[in-house]
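Residue strings, one per chain:
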Amino acid sequence: MATTSRFLTWEGCFNVRDLGGLGRLAPGALVRADRLDALTGRGWTALAGHGVRTVVDLRNDDERGVDHAPRPAWLKTVRVPLDGIEHRDFWDVWWDTPGFATPACFRPFLERFPDRAAAVARTPAGGSTSTGATATSGRRQPETLGAPVSMWPV
């Protein structure tokens, strides 16, 4: 699979990137995207064409929407809510600050929620060639975990 750009066009999503080529990550091994539930039929076809077979959805339950077009039956979706938004003691400190959703809050996040980060890292993509992840609101950047986390083509 030849990719000339890190930015991918999947109809219905506005921020889809192949994270391959970052560090030791092979091109096509990991993709990050915004709301996959907004994909059109053509968007799902583009996702499949990129080799994604597993989606790791990092969103909270209240952030997920209904798929605008039918999600392919063969696509595995694993839900691992990352934020721990119910922990107001942490989020009240960070939510409305300039450091919110920047590298400045990543270390405190990992120190406060190591179990959530570990759950994402343990997500079964085993042996997959490509995976994908979805996040919303710009606060769950793959770098939060110190490594890309997104969609796995399996």
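Residues numbered from 1 in each chain as written. Predicted model: local features only at pLDDT ≥ 70, side-chain atom pairs only at ≥ 80, totals over all residues. Heavy atoms only, no water.

S.K.: Sorry if this is basic, but what is going on with unusual backbone geometry here?
M.R.: Negative phi characterises most residues that are not glycine, and trans characterises most peptide bonds. The phi dihedral of Ala-101 is positive, around 60 degrees, even though this residue is not glycine. Mapped onto the secondary structure, Ala-101 falls in the loop between helix H2 (88–94) and helix H3 (103–112). (Helix = DSSP H or I, 4+ residues; strand = E, 2+ residues; numbered from the N terminus.)

S.K.: Would you mind going over the packing of aromatic side chains with me for this structure?
M.R.: Each aromatic ring pair is specified by the distance between its two centres and by the angle formed by the two planes. Within this structure, the stated rule accounts for 10 aromatic pairs. With centroids separated by 6.4 Å and ring planes inclined at 35 degrees, the aromatic side chains of Phe-90 and Trp-94 adopt a geometry described as tilted. Here the residue Phe-90 and the residue Trp-94 both occupy positions in helix H2, the gap between them amounting to 4 residues, near one helical turn. Residue Phe-90 is classed as buried on the basis of its relative accessible area of 7%. Three or more aromatic residues joined by ring pairs form one cluster here, namely Phe-90, Trp-91, Trp-94, Trp-95, Phe-100, Phe-109 and Phe-113. Seen from the ring of Trp-74, Arg-53 lies directly overhead, with NZ or CZ sitting 4.8 Å from the centre. Against the face of Trp-95 rests Arg-88, its NZ or CZ located 6.0 Å from the ring centre. (Phe/Tyr/Trp six-rings, centres within 6.5 Å; stacked < 30°, edge-to-face > 60°. Buried < 20%, exposed > 50% of the residue type's maximum accessible area, 1.4 Å probe, protein only. Lys NZ or Arg CZ within 6 Å of the ring centre and 35° of its normal.)

S.K.: Teacher, can you tell me more about the confidence of the model for the protein here?
M.R.: Do not read the predicted coordinates in detail wherever pLDDT is low. When pLDDT is averaged across the protein, the result is 78; 77% of the residues are at 70 or more. Confidence scores differ between elements of the protein, with strand E7 (residues 151–152) showing the lowest mean pLDDT of 40 and helix H1 (residues 41–49) the highest of 95. (pLDDT = per-residue confidence, 0-100.)

S.K.: I would appreciate a short explanation of the pattern of salt bridges in the present structure.
M.R.: Pairing is possible between side chains that carry opposite charge, provided their charged atoms lie close to one another. For the structure on display, the rule yields 9 salt bridges. Between Arg-35 and Asp-37 there is a salt bridge; the shortest N-O distance is 3.3 Å. We classify Arg-35 as partly exposed; its relative accessible area is 35%. (Salt bridge = Lys/Arg side-chain N within 4 Å of Asp/Glu carboxyl O.)

S.K.: What am I meant to see in the environment of Leu-75 here?
M.R.: Mapped onto the elements of the fold, Leu-75 is located in the loop between strand E4 (54–57) and strand E5 (76–79). Sequence separation of Leu-75 and Leu-47 is 28 residues, and the distance between their C-alpha atoms is 9.9 Å. In contact with Leu-75, other than residues within four places in its own chain, are Trp-44, Leu-47, Val-52, Arg-53, Thr-54 and Val-55. (Contact = heavy atoms within 4.5 Å.)

S.K.: Please clarify how the pairing of E4 should be interpreted in this entry.
M.R.: Regular strands place side chains that alternate from one sheet face to the opposite one. The two faces of E4 match: Thr-54 and Val-56 on one face and Val-55 and Asp-57 on the other face are all buried. Pairing geometry for E4 and E5, over 4 bridges, is parallel. Bridge pairing in E5 links Thr-54 to Lys-76. (Pairing = 2+ DSSP bridges.)

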